[in-house]
Every structure is written in structure tokens, then in C-alpha cells.
4 protein chains.
Amino acid sequence: MRADAQDNRKRVLAAAEEIFGRTPGASTEDVAKLAGVGIGTVFRHFPTKTELLEAVLTVRLERLRDRATELAGEADAGAAFFGFFSQVVAEASTKLAIAEALLASGSAAGASARNAGAGMREAFGTLLSRAQQSDAVRDDADFPEVYALLIGASRGATAANLEPLVRDKMLEILYDGLRPDRS
Amino acid sequence: MRADAQDNRKRVLAAAEEIFGRTPGASTEDVAKLAGVGIGTVFRHFPTKTELLEAVLTVRLERLRDRATELAGEADAGAAFFGFFSQVVAEASTKLAIAEALLASGSAAGASARNAGAGMREAFGTLLSRAQQSDAVRDDADFPEVYALLIGASRGATAANLEPLVRDKMLEILYDGLRPDRS
Amino acid sequence: MRADAQDNRKRVLAAAEEIFGRTPGASTEDVAKLAGVGIGTVFRHFPTKTELLEAVLTVRLERLRDRATELAGEADAGAAFFGFFSQVVAEASTKLAIAEALLASGSAAGASARNAGAGMREAFGTLLSRAQQSDAVRDDADFPEVYALLIGASRGATAANLEPLVRDKMLEILYDGLRPDRS
Amino acid sequence: MRADAQDNRKRVLAAAEEIFGRTPGASTEDVAKLAGVGIGTVFRHFPTKTELLEAVLTVRLERLRDRATELAGEADAGAAFFGFFSQVVAEASTKLAIAEALLASGSAAGASARNAGAGMREAFGTLLSRAQQSDAVRDDADFPEVYALLIGASRGATAANLEPLVRDKMLEILYDGLRPDRS
DNA sequence: TATGAATGAGACTTCATTCAT
DNA sequence: GATGAATGAAGTCTCATTCAT
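Residues numbered from 1 in each chain as written. Chains lettered and ligands numbered in written order. Predicted model: local features only at pLDDT ≥ 70, side-chain atom pairs only at ≥ 80, totals over all residues. Heavy atoms only, no water.

Draft legend 1. How the structure looks around the relation of the copies chain C and chain D. Rotating chain C by 178° and moving it 0.0 Å along the rotation axis overlays it on chain D with an RMSD of 0.4 Å. Overall, the copies show the geometry of a two-fold rotation axis. A shared binding surface is used by both copies, with 100% of the interface residues of chain C retained as interface residues in chain D. (Least-squares fit on C-alpha atoms with pLDDT ≥ 70 in both. Contact = heavy atoms within 4.5 Å.)

Draft legend 2. Looking closely at the packing of helix H4 (residues 49-71) of chain D against helix H5 (residues 77-90) of chain D. All names here are of chain D. Here H4 crosses H5 at 160°, and the two axes come no closer than 10 Å. In this view, H4 runs roughly antiparallel relative to H5, as classed from their interaxial angle. Handedness of the H4/H5 crossing: right-handed. Only Ala80, Phe84, Gln87 and Val88 of H5 make contact with H4, whose side of the interface consists of Leu64, Arg67, Ala68 and Leu71. A class-by-class count of the residues in the contact of H4 with H5 yields six nonpolar, one polar and one charged. (Axes fitted to C-alpha atoms, helices over the stretch in contact; angles between N-to-C directions. Helix = DSSP H or I, 4+ residues; strand = E, 2+ residues; numbered from the N terminus. Parallel < 35°, antiparallel > 145°, perpendicular 65-115°, else oblique. Left-handed = near helix turned anticlockwise from the far one by under 90°. Nonpolar A, V, L, I, M, F, W, Y, C, P; charged D, E, K, R; others polar.)

Draft legend 3. Representation of the protein's contact with DNA strand F within the structure. Surrounding DNA strand F, one finds 34 residues, the nearest of these being A:Thr41, B:Lys49, D:Asn8, D:Thr41 and D:Arg44. Backbone atoms, meaning sugar and phosphate, form 67% of the atoms of DNA strand F found within 4 Å of the protein. One of the backbone nitrogen or oxygen atoms of D:Gly40 is found 3.4 Å away from a base nitrogen of DNA strand F. Within the side chain of D:Arg44, one N or O atom sits 2.3 Å away from a phosphate oxygen of DNA strand F. Going through the elements one at a time, helix H1 (3-22) and helix H3 (39-45) of chain A, helix H3 (39-45) of chain B, helix H3 (39-45) of chain C together with helix H1 (3-22) and helix H3 (39-45) of chain D are the ones with two or more residues in the surface near DNA strand F. For the surface near DNA strand F, the class distribution of residues is 10 nonpolar, 16 polar and eight charged. (Near = heavy atom within 4 Å. Polar contact = N/O pair within 3.5 Å; in protein donor to acceptor, adjacent residues only side chain to side chain.)

Draft legend 4. Representation of the protein's contact with DNA strand E. Among the 32 residues in the neighbourhood of DNA strand E, the closest are listed as B:Asn8, B:Thr41, B:Arg44, C:Thr41 and D:Lys49. The contact atoms of DNA strand E, taken as those within 4 Å of the protein, divide so that sugar and phosphate hold 66%. Backbone polar atom of B:Gly38 to a phosphate oxygen of DNA strand E: 2.7 Å apart, as the coordinates give it. In this structure, a phosphate oxygen belonging to DNA strand E sits 2.6 Å away from a side-chain N or O atom of D:Lys49. Sorting the residues of the surface near DNA strand E by element identifies H3 of chain A, helix H1 (3-22) and H3 of chain B, helix H1 (3-22) and H3 of chain C together with H3 of chain D as the ones contributing at least two each. If you tally residues by element for the surface near DNA strand E, the top one is H3(B), at five residues. Looking at the surface near DNA strand E, its residues break down into 10 nonpolar, 15 polar and seven charged.

Draft legend 5. Representation of the packing of aromatic side chains. Taken as a whole and assessed by the stated rule, the structure comprises 40 aromatic pairs over all chains. Their ring planes at 50° and their centres at 4.6 Å tell us that A:Phe82 and A:Tyr175 sit as a pair that is tilted. A residue pair is termed long-range when its members are at least 10 positions apart, and A:Phe82 in helix H5 (residues 77-90) and A:Tyr175 in helix H9 (residues 164-178) qualify at 93 residues. A single burial state applies to A:Phe82 and to A:Tyr175, both of which are buried. Aromatic pair B:Phe85 and B:Phe124: ring centres 6.5 Å apart, planes at 55°, arrangement tilted. Within this pair, whereas B:Phe85 is found in helix H5 (residues 77-90), its partner B:Phe124 is found in helix H7 (residues 111-133), the two being separated by 39 residues in sequence. (Phe/Tyr/Trp six-rings, centres within 6.5 Å; stacked < 30°, edge-to-face > 60°. Buried < 20%, exposed > 50% of the residue type's maximum accessible area, 1.4 Å probe, protein only.)

Draft legend 6. Quick look at the UniProt feature "domain: HTH tetR-type" (unreviewed entry) in chain A. Annotation from UniProt places "domain: HTH tetR-type" (unreviewed entry) at residues 6-64 of chain A. In residues 6-64 of chain A, the share of helix is 81% and the share of strand is 0%. The end C-alpha atoms are 23 Å apart. (UniProt positions renumbered as here; feature names shortened; annotations may be inferred.)

Draft legend 7. Summary view of the interface of chain B and chain A. With 25 residues of chain B at the interface, the matching set in chain A holds 25 residues. Taken over both partners, the interface formed by chain B and chain A buries close to 2300 Å², and the fraction arising from carbon and sulfur atoms is 68%. On inspection of chain B and its partner chain A, the count reaches six salt bridges. Across the pair A:Arg138 and B:Asp176 runs a salt bridge, and its minimum N-O distance is 2.8 Å. Along the contact surface separating chain B from chain A lie six residue pairs in polar contact (both at pLDDT 80 or more). Broken down by secondary-structure element, the contributors of at least two residues to the side of chain B that touches chain A are helix H8 (143-160) and helix H9 (164-178) of chain B. By residue class, the composition of the side of chain B that touches chain A is 12 nonpolar, three polar and 10 charged. (Buried area = accessible area lost by both parts, 1.4 Å probe. Salt bridge = Lys/Arg side-chain N within 4 Å of Asp/Glu carboxyl O.)

Draft legend 8. A look at the interface of chain C and chain D. Counting residues at the interface gives 25 residues for chain C and 25 residues for chain D. Both sides together, the interface formed by chain C and chain D hides about 2300 Å², and carbon and sulfur atoms give 68% of it. Summed over the shared surface of chain C and chain D, the number is six salt bridges. Secondary-structure elements contributing two or more residues to the side of chain C that touches chain D are helix H8 (143-160) and helix H9 (164-178) of chain C. Per-element accounting of the side of chain C that touches chain D gives the leading share, nine residues, to H8(C). Looking at the side of chain C that touches chain D residue by residue, the class counts come to 12 nonpolar, three polar and 10 charged.

Draft legend 9. The nonpolar core, seen in detail. Counting 118 residues, the largest nonpolar core has A:Phe81, A:Phe85, B:Phe81 and B:Phe85 as its most contacted members. Membership of the second largest hydrophobic core comes to 116 residues, among which are C:Ala26, C:Val31, D:Val12 and D:Leu127. (Core = buried A, V, L, I, M, F, W, Y, C linked by side-chain atoms within 4.5 Å.)

Draft legend 10. A look at the pattern of salt bridges. Going through the model one piece at a time under the given rule, you end up with 44 salt bridges over all chains. Taking the shortest distance from any N to any O, the salt bridge between B:Asp176 and B:Arg179 comes out at 2.7 Å. On the basis of relative accessible area, B:Asp176 is assigned to the buried category, the value being 12%. Salt bridges sharing partners connect three or more residues here, namely A:Arg138, A:Asp140, B:Glu172, B:Asp176 and B:Arg179.

Now the structure itself:
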């Protein structure tokens, strides 16, 4: 692919992330406008609106996966786990809007997004295991429910449009539930 | 209003609840078809798609409010609180889809839905206070964060499409966080 | 026809005259509301919106015909002619709106309105002849062009939404053209 | 704008002028069909039916303004004035239908049409003044009533669907009224 | 007869997608 | 490759007309 084509692809992707993060119902034309390209260019790189949304979601998920992988190398496993959890929740609103837009487009996420999601979940699973091994998280919490809590906290924070302070208090309650019994 | 008109109104509302619960992006025509009436009838009862969505959401919220009010009379305040919490989460998926559809229709919930929402929150607040007075829920948990947890758990369960078993384990963790310190 | 049916018919007609005079694009429902009857009643008396409009127009035209016939008996033929002319122009706006509504309904005026129109034109023709015989109007002005002037002045006054003063000055110019040569 | 787009814009405008001139209540689809383009194309060039109608009306008014301006340079001021008057009346029917369609679309003419109208009136005012200065039109006729006569004659000719001969006789009467007193 | 709820064709408008330039 | 004009299916909503109550 030519260099300028590469460039355009990136600009479209960035524009899409911004627009769909704000307005899940935005039109493809809006994306083109923000990216500063013609609408034809958007469709050349992403033959379908669904594919564009998937690409955006994939980028987001890969970023999270990378962050999780990075944190997996840290010494304090508990801090790594809870730090990642908090960060995901803090950044949730944009990503969720995108996921919803994708859903509304009438398609479950395609292969690439699914892969990125799987990678992210795997990395998060590692963080969880290590936190449990170092006694920072209770042992009887299995991955599915912890992951559901991550999703739920993200969505709760987004939907209620929580102030950071309230969000932190919500997470503190949740983390208390996740920590091993102190008795 | 005539009896048959009442009937149709109910059928439209029921159809809308079912359809939008499944497919937030559904068309008004779909609702009419499921209700077995002409599209004109839908618009006669709900002059705007937004109003239809609001009506559906209002019904849902009123149902929850009534349930909360009812539980507020029970002897075991802790059981009442956690029972309501669990029920809301269990039934969340449909209601959430409706709320999303409403949002996508470009309007914050109107007066009636807002009222019903406020009523529901108030009743839930009462359940929380009583649970705290009877030492079933920790005292330092204020309403905003607890409500955010309710929303979040609902959305998490819905989004992840959790099996009941996993959902219960998720809630168990959450409830542990909400209970007073066990030390 | 029963007395109350007669009554309803009149009320519908009056309401239609008022509404269509103001708002040529008004709906039949609006007429029913103003008349204080159900929409079914409107359609029972006037099976078609077009027929309703025609009835209204017919009433108007008959009123004008009667006025012209009445004036034909007056002594001063010139005063009668110009008086009628001025009155028609002054009252034009409502009637025109109705005629337009009828036109927009996609039908030339039907039999009854045509008859009433013919009657009115005939009476106006008599006024003109008598005015010419008494030297109040020039002899070389034939009916078609004088009638066109009547229509035109009516429409001009209506369209331009003239103040009465300007309208009178306009008519004065026109009347000067209609009077016999002053040499 | 690309050449082919320019072309289509013109074709749509021409089609609209023809259709709305004949049938004020015509649908946008009809315009598209006559123009030989998809309905989407009509809306791309004129995002609203109202805007399309305005554009058509503006074109018409600008044409008249240009003609008036052109005539203002002629030597015989009287001939210029009466010539313009006659031409406006002769071409009135189409323009009027368009103006009505615009009115029915629920909007007073927008900026561009208003501007064009003002320009036309100004140019017509100049024609009038010059005709008065050269004693071709009576001095006590002010602009408002003369303009009302122009509108009225146009509408009268249109509404009555006059044959050219009758129209000319009507105008002759009107012009006699406008000329200075011959005594 | 009166009522007003039901109907559905048709209007305007949006937007994902295609294709000539 | 890029552009943006063209397309038309689909959605929301209106309203003349019909029909059950």
C-alpha cells in the first residue's frame, strides 16, 4: 500500500474513533469529514460501515491487551490487577459507545475484533491469576465473574456518567468484595 | 377512551416492549406488525417514536418501583435489599435495550420516564437505608455509588450475556463488598 | 334530514369556511374539531374533502350573487357597480384561500360551485351593463376583461396584504380606467 | 462543483420550475422523475423541498429583475414601463404557481428569494419613476398601489386563464387608469 | 346518526453504498 | 488511488377515508 494510502487509513480510523466514541449513531459521511477525506476513501479502506466499526474496536482492544501485558511484568501483582481494572473503567465510555455502534450496525464483532478481545481477556486473566497467587484477590473468584464485573463497572460508570469521586468509591466497594476474606 | 382502543394501546405497548427489548434499532413498522395493527394506529397512540419508547421505559421503571416499594415493607431489610438488587439484574437485559433505543432516538427520557425513574431510585434508596440500619449493608456506602453498582451489574450481566450461575457468583462478590466489614 | 343533522351540517360548513379561509392546507380533522363534531360526521355530510371545499365555495359565491342581485335594483347604477366591486375586493382574502384549497385538492370546482359562480357572474354582468347604460363605465369594456379585473384586484389586494388605504388608491386608479373617457 | 453535478442541478431546477408551475402540490419524487435523476440527487442539491421551491422562485425573480434593469436603460420610459408590466403579466402563471407552492410548504420565502424580490421591486420602482418623469404615468400613483396592480393583473390573468386578446383589453383599461389625466 | 379509532398510501428525508470523473 | 455525486431502500410521520361501537 502506498504511503499516502496508509496515512489516510490511519486518519480515517482516528476520526472514526473520535466520532463514534461521541456519537454512536454518526454517519460515515461525518467520519469522512472529520478525517478530511472524501467518503469514497473511507469505503475504499473499509468496504462496510461494520468493518470500520470493527477496526476501531479492534484498535481499542489491542491497546488494552498491550497495557495488560505490560502490567503483567510488574512486581506488585495486586497493584497491577487493580490498576488495570481502574484504568479500563476510567476509559470505558468511548470504547463502549463504539461497541454499541457496532452492535447497532447489526453484527456481532468479526474475526479481528474477536481476536483482539480474546487477547485482551487472556492478558487480563493472567493479571487475575497472578493477583490471586500473591493473595491480593480472593481465590474463589473465577475469570467469568471477574470479567463480568469489569464490564459491569465500565458500563455502570459510563451510563451513570459518574464523577470520578463516586466512581472511585464504587470501585472501592467492588475491590473489597474481590479481596480475600480478612477474617 | 373506548375499550377497543385501550386494548390496542396495550397490545402496541406490549409489542414495543418485546421488540425493542430484542432489537433496539427496530422500526415502528415492526412494532405495528407484531401488534397486529396498522402503522397509523401506533402513531395515533404514540405520536412519536420517542414517545413510544418512553412509554415502554416508563412501564418498566414503574414496575420496578412498585416492586421496591413492596419489598420496603418486609421484615428482613437485608434480604429485601439484596433480593431487589438480584431481581433487577436478572431482568435487566430487556430494559437496558429499551433505554438504549430511547437514547439512540436522540432524546433524553421525557417527563414520565424521568418521574418513574426518580420514583424507582427513591424506593431503592429506602431499601438501602433500611438495610444499612439493620447492619446488612456497610454504612459508608452512599446512594450514588450503590446505584452505580446496580446499573453496572445490570449492564455487565446483560452485555456479557452471563449464565445464571456466573451471574450469581458475580453478585456474591459484589454483595461481599457491600456488606459491613467482617473483621 | 333530521333537525340535529341539519344543525351539524351548518356547523361543519361554518367551521370549514373559517378554517380554510385562514389555512388552505388545513386537515379535515381540524374542521371537525372547530365544529365540535366527530370526524365521521364531517364525512357523513361531505363524503369527500373536495366536496366540503366545494360546498364552502358555493356558499360564498351565492352570497355574492345575492348581493349583486340586490344591488341591481338600486337607482344609481354606477354606485352599485363600483360598490359591489369594492366589496368583493375587500372580502376577497377568505374566499380566495378557499378557492386555492379546492384547487390544491386536485379538482376544478364541481357542479354546484360552477352554478353559483355562473349566477354570480351573471348578476355582475347585469351590474356592468346598467352602469354602462348610465354612462358610469366606458362602453368598450366587455365583460371578460372587467371580470378579470375584478378577480385580479381581489387577488392583488389579498396577495400583497394591502392596507385599506393603499387598496383604495389602487382601486381609484382602476376605476379611472373603467370610467368613460373624460375628454 | 463538478461539471456533471452542475448539469444535474440545472436539470433539477428546470424540472422543478416546470412541475411546480403546473402543479403546486407536486411531490419531490415527481421532480426527480422529470429531471431523470434519483430522488437522492434532488435532496443533495436542495436539502429541503422548501429550499428547492425557493431556488426556483429566486431564479424567476432574478430574471424579472434583470429584464427590468435592462429596460431602465431604454429611451422611451413609458414604453419601458408598460412593456415590462405586460411581460410580467404574460409570464405570470408559472411564477405564481411556484410562489403558492412555496407558501403551502409552510415558509415565507427565504433570504435569497426575498433578496431577488426586493431587487425586482426596486428595478420596477425605477421604471415607474422614469415613466412618471416623462409624463407617461400619472404622478399621484405611488409605488405600493402600482405594484399591487401589477400583482393583481398577474393573478387575474392567471386565475381567469385569459386569452391573450382579453388580457390585452384588460391591460388597456388598467393602463388608461395609470396614464395622466388627458383633460 | 354520531363518534373517533383504525387504516395504509404517500410525503419528506437520511444514509450506506456504488461509480463516473 | 481519491473524490464526491448519484442512487434508492427504508424510516418517520400525516391525513383522507372507512368502519366498528
